[in-house]
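Analysis of the macromolecular model
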Amino acid sequence: MSESAYSIKESIMQLPRNIKASISRRGEGTAEQERAAAVFGNMFLHVHPVRVHVNSLRAGYTFGLGLISFYLFLILVASGLLLMFYYTPSTELAYRNMKDLEYVVTFGVILRNVHRWSAHAMVAFVFLHMCRVFYTGSYKAPREFNWVIGVFLLLVTLFLSFTGYLLPWDQLAFWAVTVGSNIASYMPVLGDYVRFLMLGGNEVGQMALLRFYVLHVVALPLLAATLLGVHFWRIRKDGGLSRPSND
Amino acid sequence: MSSENSTGATILPFRTTDEAVDEERRGFVKKMAVTALTLGVGGAAIQSARFFKPNVLYEPSKAFKVGDLSTFPIGSRIVIEGRGIEIVRERDGMHAISLVCTHLGCLIKPVENDPDIGYMCPCHGSTFAHKGEVQGGPAPKDLPWYEMYMDNTGALVVDTSKVNHKRTKLAV
Amino acid sequence: MQAAKKEEIFPKDPNKTYSLMAIVDGDSFQVEKGPEDTVQSWPHLMVRELGLFLLVLAVILGVSLLFNAPLEEAANPQHSTNPAKAPWYFVGIQELVSYSALLGGIVTPALIVVSLLLLPYLDRNPKGTGVWFSRDRRVATILFTIFVVAMVILILIGQFLRGPNWHLYLPWSN
Ligand code: HEM
């Protein structure tokens, strides 16, 4: 295109097309090429390879358990973020905030239910996913390290649930965490110190609530997201999902 | 350390012994550097972890008044709400016993009118004798007794930071 | 020594937006052989992924409309609930803790985590990968099943058969 061909009128007429092209950065090509470009040209999809083995699509092989765990994590992040708008990590206010969510806030109950049930479901599905990986022998070389990442993901999932359990500051929360933190104090040598650091004091109180809150809404989700990134990256680098060797 | 052949050209051996020594020295320097770095960074990290230990606690004081002698008649067992202790007064003196289960920290309930069992934990069913000894259940330790004294105003004070290991009663 | 003629094995193509990142081991040379048994991720994989996401979302929303998350009375450090139960996924551990706090609460969980971490480095038998319950891994399958069943049983006991004072009781009795 020569410079003389530039015209502001033309630009305005082409505006929608140009904006679309700048976002998708996709040129013309064969159908095959365009489908490939749809995957690798998109930041959110390019963790996927352009082509996958049919075995990974077999519903009866993975049962989608890892994916379901991941989706639950996404739902938890979204609903948790919304809950934060109405929650204060204070022993005076936390329980009242819960009651407000239940009776006052529009869609508050549903939001809280979604967050709670997804959390329970995530623990269950991560465990089931681990069982599927075990029973299909998918932790064998070269996937050993991804299994290790997975074990850490399981631990982070459990810690996320446990820290979240205290936040409503009801009887269930208080005594479950009292019992839980006392189990930690049975650790040899360091036990009492670990409990003290975990609670930020000698008893489950304001400091413990604040600590659990920070871990629950910032530290552990960031850790989980990072580990998930590595987990997915490794699936690709290890050659996609496991499958029978002689096909 | 070069040698000469018939054409007079100098042929350098593939690797001189000097270089081998050099390798060793390099290895040593590298090891030292890595060790120093690990110690430095590790030490700094451990020291930084002290940040997480609160230096001031806004918790109720460990030593507190429980009331005058007259609040505790002989033969009474009175639970001090919110402090996790019970004051027991018998003919030969009184003592403050912890009501926090030594198993997992649940609050223990005093059992009334039972000659053997004095306390029972609702969480995992541990039972304790009247003096605090474990009778049954998973509790690993006896219930501690705390130091107790009378201050200059005549009020009884319990200090839960000091365990009365000898289990001596406060004679009154 | 003669300098090897530098040859670009993978010449840069200015029109390509991708480049060689890694060379992966394969079983054989893949000369003139298209990728076998593979399909385009778009649409085959992604449509399924999207469908599964919608399904998960729908189920969670459905359950959330029907059942409310529990909320008990406000926390009261003066009164233990009876019994005080951990969340269900820890109730199995709590059941162990009710026998011995150190063995059940620290040693067993630590052993489980360490065994899980070491598992892929100990079981290096390459046979039976990619098949459910492969006959080549019967021992591993049995051992893991024992672990899973034990966990499930402990959780069931802790969750449904433990009443006040952590006494055993049957769910239908009061
Ligand atoms: C937050 C928890 C987790 C998420 C979201 C997650 C997600 C995923 C996803 C989406 C896949 C692809 C295959 C599939 O859907 O089944 C996968 C594969 C895998 N996961 Fe996980 N995972 C999690 C935890 C774990 C745990 C606890 C383990 C094991 C201890 C594990 C080990 C593996 C391994 C080894 C693979 C590769 C399997 C294969 O190649 O067939 N992951 N994970």
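As annotated in an unreviewed UniProt entry, chain B is Cytochrome b6-f complex iron-sulfur subunit from Geobacter hydrogenophilus. Regarding chain B, the UniProt comment filed under Cofactor (unreviewed entry) reads as follows: "[2Fe-2S] cluster".

An unreviewed UniProt entry lists chain A under the name Cytochrome b/b6 N-terminal region profile domain-containing protein, with Geobacter hydrogenophilus as the source organism.

1. What about the overall build of chain B?
The helix and strand tally for chain B stands at one helix and 12 strands. The order of helices and strands in chain B, counted from the N terminus, is β-β-α-β-β-β-β-β-β-β-β-β-β. Put simply, chain B has 172 residues, and 32% of those count as buried. Accessible area for chain B stands at about 11,000 Å²; split by element, carbon and sulfur atoms hold 58% of it.

2. A look at the sheet that holds strand β11 (residues 145–150) of chain B
Residue and element names in this part refer to chain B. The strand order β3-β12-β11-β6-β5-β4 describes an open sheet built from six strands, whose pairing is antiparallel. Two strands in the sheet have a free side with no partner beyond their single neighbour: β3 (63–68) and β4 (77–80). Pairs of neighbouring strands in the sheet enclose a mean axial angle of 30 degrees, with direction left out of account. Here β4 runs beside strand β5 (residues 85–90); their pairing, made up of four bridges, is antiparallel. When the sheet's bridge partners are listed, Val79 is paired in β5 with Glu86.

3. Details of the site of the ligand
All names here are of chain A. Inspection of the region around the ligand gives 25 residues, with His129, Arg132, Gly150, His231 and Ser242 positioned closest. With respect to the ligand, the backbone of Leu67 contributes an N or O atom lying 3.3 Å from an oxygen atom. Within the contact set of the ligand, an oxygen atom lies 3.1 Å away from a side-chain nitrogen or oxygen of Arg143. Sorting the residues of the shell around the ligand by element identifies α5 (65–84), α7 (108–135), α8 (144–166) and α11 (206–237) as the ones contributing at least two each. By residue class, the composition of the shell around the ligand is 14 nonpolar, nine polar and two charged.

4. Describing the coordination of the iron atom of the ligand
Residues and elements named next belong to chain A. Looking at the iron atom of the ligand, one finds its protein donor set to be His129 (NE2) and His231 (NE2), positioned 2.1 Å from the metal centre. Coordination at the iron atom of the ligand comes from six donor atoms whose angles at the metal span 85 to 179 degrees, giving a geometry best classed as octahedral. One end of the pair, His129, is in helix α7; the other, His231, is in helix α11, with 102 residues separating them in the sequence. Considered together, His129 and His231 belong to a single accessibility category, that of buried residues.

5. Structural notes on the packing of α5 of chain A against helix α1 (residues 41–66) of chain C
Look at α5 of chain A against α1 of chain C: their axes get within 10 Å of each other, and the N-to-C directions meet at 55 degrees. It follows that α5 of chain A is oblique to α1 of chain C by the angle criterion. Here α5 of chain A runs over α1 of chain C; the crossing is right-handed. Along its contact with α5 of chain A, which presents Leu67, Ile68, Tyr71, Leu72 and Ile75 of chain A, the element α1 of chain C presents Glu49, Leu50, Leu52, Phe53, Val56, Leu57 and Ile60 of chain C. Classifying every residue of the contact of α5 of chain A with α1 of chain C gives 11 nonpolar, no polar and one charged.

6. Considering the UniProt feature "transmembrane region" (unreviewed entry) in chain A
All names here are of chain A. Per the UniProt record, "transmembrane region" (unreviewed entry) is annotated on residues 61–87, 117–135, 147–166, 172–191 and 212–233. Structurally, residues 117–135 is divided into 100% helix and 0% strand, and its ends, taken at the C-alpha atoms, are 27 Å apart. Spanning residues 147–166, this segment combines 100% helix with 0% strand, and its end C-alpha atoms are found 30 Å apart.

7. Examining the interface of chain C and chain A
How big an interface is tends to be reported as the loss of accessible area on association of its parts. Contacts between the two partners involve 78 residues from chain C and, on the opposite side, 81 residues from chain A. Between chain C and chain A the total buried area reaches about 7,300 Å² when both faces are included, carbon and sulfur atoms providing 70% of it. Its largest share of buried area at the contact with chain A, chain C owes to Gln40, Leu71 and Trp132 of chain C, together 10% of the area lost on that side. Scanning the region where chain C abuts chain A turns up 35 residue pairs in polar contact (both at pLDDT 80 or more). For the side of chain C that touches chain A, the secondary-structure elements that each account for two or more residues are β1 (38–40), α1, α2 (88–97), α3 (101–122) and α4 (138–160) of chain C. No other element matches α1 of chain C, which puts 18 residues into the side of chain C that touches chain A. Split into classes, the residues belonging to the side of chain C that touches chain A amount to 47 nonpolar, 20 polar and 11 charged. As paired elements, strand β1 (residues 51–53) of chain A and β1 of chain C share three bridges and run antiparallel to each other. Bridge pairing in β1 of chain C links Arg51 of chain A to Gln40 of chain C.

8. Overview of the nonpolar core
Within soluble globular proteins, side chains that are nonpolar generally end up buried alongside one another. Counting residues in hydrophobic clusters, the biggest one holds 46 residues, and the most contacted among them are Leu166, Trp169 and Val204 of chain A together with Tyr119 of chain B. The set of elements that each furnish at least two residues to this core consists of α6 (94–103), α8, α9 (171–184) and α11 of chain A together with α2 and α3 of chain C. Among the elements that take part in this core, α9 of chain A stands out by supplying six residues, more than any other. The residues touching Val204 of chain A, leaving out its near neighbours within four places in the chain, are Leu166, Trp169, Phe174, Val177, Thr178, Ser181 and Leu199 of chain A. Residues Tyr71, Val133, Tyr135 and Leu220 of chain A belong to the second largest nonpolar core, which totals 35 residues.

Cut-offs and rules
Residues numbered from 1 in each chain as written. Chains lettered and ligands numbered in written order. Predicted model: local features only at pLDDT ≥ 70, side-chain atom pairs only at ≥ 80, totals over all residues. Heavy atoms only, no water. UniProt positions renumbered as here; feature names shortened; annotations may be inferred. Helix = DSSP H or I, 4+ residues; strand = E, 2+ residues; numbered from the N terminus. Buried < 20%, exposed > 50% of the residue type's maximum accessible area, 1.4 Å probe, protein only. Areas by Shrake-Rupley, 256 points an atom, 1.4 Å probe, with all protein chains shown as cover. Pairing = 2+ DSSP bridges. Axes fitted to C-alpha atoms, helices over the stretch in contact; angles between N-to-C directions. Near = heavy atom within 4 Å. Polar contact = N/O pair within 3.5 Å; in protein donor to acceptor, adjacent residues only side chain to side chain. Nonpolar A, V, L, I, M, F, W, Y, C, P; charged D, E, K, R; others polar. Donors = N, O, S within 2.8 Å, 3.2 Å for Na, K, Ca; no water. Tetrahedral: all angles 85-135°; square planar, octahedral: opposite > 155°, others 65-115°. Parallel < 35°, antiparallel > 145°, perpendicular 65-115°, else oblique. Left-handed = near helix turned anticlockwise from the far one by under 90°. Contact = heavy atoms within 4.5 Å. Buried area = accessible area lost by both parts, 1.4 Å probe. Core = buried A, V, L, I, M, F, W, Y, C linked by side-chain atoms within 4.5 Å.

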